[in-house]
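Inside the fold
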Amino acid sequence: DTDKLAHGSLDALLASLNDSRSQFLRPEQREQFARALNGEIQGIGAVLTVVNRKTTLRVGDETAPLEQNLLQVAAVVPGSPAEKAGLKQGDVIDAIGGQWIISEDPFAEIAQLQRMHSPREQIRQASERARQRLQNSLTLSEAIQRLSQNPKDEKEAKPLQLTVKRGGQTLKLEVARATTKVRPLEYRLLQSRWGYMRPNLLNAAAAREFASALRTLKQGGAKGLIIDLRGVAIGQQEPTLQILSLVATKRQVAQVEYREGKNYKKRPLNLSKAPQPVNLPVAVLVDRGTYNVAELAALAIRQTSKARIFGMPTFGDALQTNLYQFKDGSGFTLTVGRYLGVDGTKFHQRGVQPDERIAAEPRMRGQLGGDPALERAAKWLSTQEKKS
């Protein structure tokens, strides 16, 4: 089967980059990826990412360095099974149905015991534990596939039993899988003064609705704008730039760092045409679930329109990823650069830092009286109105 051979070769080729954002997509996977960008999310309804963490392994009285690749929830999709089950941004998924998701070298303990010249019996016992652990395990790609696809038949339709690590706790959660359709944008006028806009994803539909909603809010008498990017983790670069063209005051909104041969270079990331800014004071809300192009948007708005950011530091993923398609419907994603602020500010693995940190989580997101970050943003907009 030449197709199977070609797909397997491409899968191995992309996997050899050791980059979770660069992966081969079989035709059904590429189609699913495209549907997700359009707001149709399959599986548990969580945006997943692989986070590298360096830690230590303790064996007896000695320690050794240990590298982990953890499957982490970048954001939870509104209205999804994951949200209903109580899964939260930042959770690390350790096992599915009792099967360990391979996140570290299971034989690291054996290597350390050998370095310590430990007794053979102790090494044999450690080897047996590692083999048993591997026999009941999933690779990261297998785990992501299981969590991101709907069950194919009734036998697989049972909810998934997840072992989740949150802070210092280990939790057991039961999560169903279903198709979640995400509204591109929600908006309303708060206190007859502040335009509140919450894109749930940054795609072409959200960009179109953003422009329409902005006109409606201005006609309704909005004196300031609050853009809520909390939990926004699905998006594309071009629609994000279209939205920025309505808020940013400069054509250059960021930089992209890329590699040419062995050298790293930078190029400006510009809007396709001159911006047409809203000419209102702008506040941006962010949290740890603000991911990738949403982080780019938050930083660009602050640096080009003197906006203020409220909330918590963002996730810290600045990788620029392209999606490619082959004639047979398969394709691949590939990391091609890294986003920076207009002035070269780096936010990869650091996150975009808010101007005002507000750690309290909202009881009623988007509602004054139940959303501390939103309330603080509204107060700041009041001060800007008085100054003008």
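Note: the structure precedes this text.
This structure is a prediction, so every number in the text was calculated from the model and none was measured. Residue positions are given per chain, counting from 1 as you read along its sequence in written order. In keeping with the predicted nature of the model, local features appear solely for residues at pLDDT of at least 70, side-chain atom pairs appear and are counted solely at 80 or more, and the whole-chain, interface and lining totals rest on all residues. Side-chain numbers here rest on the full set of heavy atoms in the structure, without hydrogens or water.

Topic: the sheet that holds strand β11 (residues 185-190)
Taking strand neighbours across the sheet as the criterion, the six strands line up as β11-β12-β13-β16-β17-β20 in an open arrangement whose pairing is mixed. Edge positions in the sheet fall to β11 and β20 (356-357), since each has one partner strand and no second. Relative to β20, strand β17 (residues 308-311) runs parallel, the two being bridged by two bridges. In the strand pairing of β20, Phe-310 is matched with Glu-356. What makes two residues a contact is simply this: any of their non-hydrogen atoms within 4.5 Å. All axes are obtained by fitting lines to C-alpha atoms, using only the stretch in contact for helices, and the reported angles, taken between N-to-C directions, cover 0 to 180 degrees. The way it works is that DSSP assigns letters per residue, a run of H or I at least four long becomes a helix, a run of E at least two long becomes a strand, and they are numbered from the N terminus. Along the sheet, helix α7 (residues 204-219) contacts β11, β12 (194-199) and β13 (224-228); its crossing angle with β11, the most-contacted strand, is approximately 10 degrees. Contacts between helix α10 (residues 372-387) and the sheet are confined to β11, β12, β13, β16 (282-286), β17 and β20, with β16 contributing the most and set at about 165 degrees to the helix. The pairing criterion for strands is at least two bridges between them, as found by DSSP.

Structural notes on the packing of helix α8 (residues 237-244) against helix α9 (residues 293-305)
Two elements in contact, α8 and α9, have axes whose closest approach is 10 Å; the angle formed by their N-to-C orientations is 25 degrees. Between α8 and α9, the interaxial angle falls into the category roughly parallel. Classified by chirality, the crossing of α9 by α8 is right-handed. Only Val-293, Ala-297, Ala-300 and Ile-301 of α9 make contact with α8, whose side of the interface consists of Gln-237, Thr-240 and Leu-244. Polar here means any residue outside two lists: the nonpolar Ala, Val, Leu, Ile, Met, Phe, Trp, Tyr, Cys and Pro, and the charged Asp, Glu, Lys and Arg; Gly therefore counts as polar. Taken together, the residues of the contact of α8 with α9 break down into five nonpolar, two polar and no charged. Angles are sorted into four bins: roughly parallel if under 35 degrees, roughly antiparallel if over 145, roughly perpendicular if 65 to 115, and oblique for all others. Left-handed is the label given to a crossing in which the near helix is rotated counterclockwise from the far helix by less than a right angle, and right-handed is the label when the rotation is clockwise.

Describing the packing of aromatic side chains
Pairing of aromatic side chains here covers Phe, Tyr and the six-membered ring of Trp, requires ring centres within 6.5 Å, and sorts the geometry by plane angle: under 30 degrees stacked, over 60 edge-to-face, intermediate tilted. Applying the stated rule across the entire model yields four aromatic pairs. Put simply, the rings of Tyr-324, Phe-326 and Phe-332 touch in pairs and so form one group of aromatic residues. Only when the NZ atom of a Lys or the CZ atom of an Arg is both within 6 Å of the ring centre and within 35 degrees of the ring normal do we say a charge sits over the ring. Positioned over the ring face of Tyr-258 is Arg-267, at 4.7 Å from the centre of the ring. The residue whose ring lies beneath Arg-288 is Phe-315, and the NZ or CZ to ring-centre distance is 4.7 Å.

As for unusual backbone geometry
Trans is the prevailing form of peptide bonds, just as negative phi is the prevailing case for residues other than glycine. Of note, Asn-18 is a non-glycine position whose phi angle comes to about 55 degrees, a positive value. Within the secondary structure, Asn-18 is located in the loop between α1 (2-15) and β1 (23-25). By relative accessible area, which is 67% here, Asn-18 ends up exposed. In this model, Lys-306 sits at a positive phi of 55 degrees, which is unusual for a non-glycine residue. Mapped onto the elements, Lys-306 comes out in the loop between α9 and β17. Accessibility expressed as a relative area gives 78% for Lys-306, which makes it exposed. Each residue is placed in one exposure class: buried if its accessible area under a 1.4 Å probe, protein chains only, is under 20% of its type's maximum, exposed if it is over 50%, and partly exposed if it falls in between.

As for the environment of Ala-360
Its location among the elements puts Ala-360 in the loop between β20 and α10. The class of Ala-360 is partly exposed, set by a relative accessible area of 46%. With 68 residues separating them along the chain, Ala-360 and Asn-292 place their C-alpha atoms 23 Å apart.

A few points about the environment of Leu-319
Looking at the secondary structure, you find Leu-319 in strand β18 (residues 319-325). Sequence separation of Leu-319 and Val-247 is 72 residues, and the distance between their C-alpha atoms is 23 Å. Excluding anything up to four places from it in sequence, Leu-319 contacts Asp-19, Arg-21, Asn-292, Thr-335, Gly-337, Arg-338, Tyr-339 and His-348.

Some details on the nonpolar core
Judged by nonpolar contacts, the single largest core of 44 residues is most densely connected at Phe-210 and Val-282. For this core, the secondary structure elements donating two or more residues are α7, β13, α8, β14 (252-260), β16 and α9. Sort the elements by how many residues they give to this core and α9 lands first, with eight residues. Membership of the second largest hydrophobic core comes to 20 residues, among which are Val-73, Ile-93, Ile-96 and Val-164. We define a nonpolar core as any set of buried Ala, Val, Leu, Ile, Met, Phe, Trp, Tyr and Cys residues linked to one another through side-chain atoms lying within 4.5 Å.

Concerning the pairing of strand β15 (residues 263-270)
The pairing of β14 with β15 spans eight bridges and is classified as antiparallel. By the bridge assignment, Val-256 is partnered in β15 with Arg-267. Between the antiparallel neighbours β14 and β15 lie two residues, among them Gly-261 with a positive phi of about 70 degrees.

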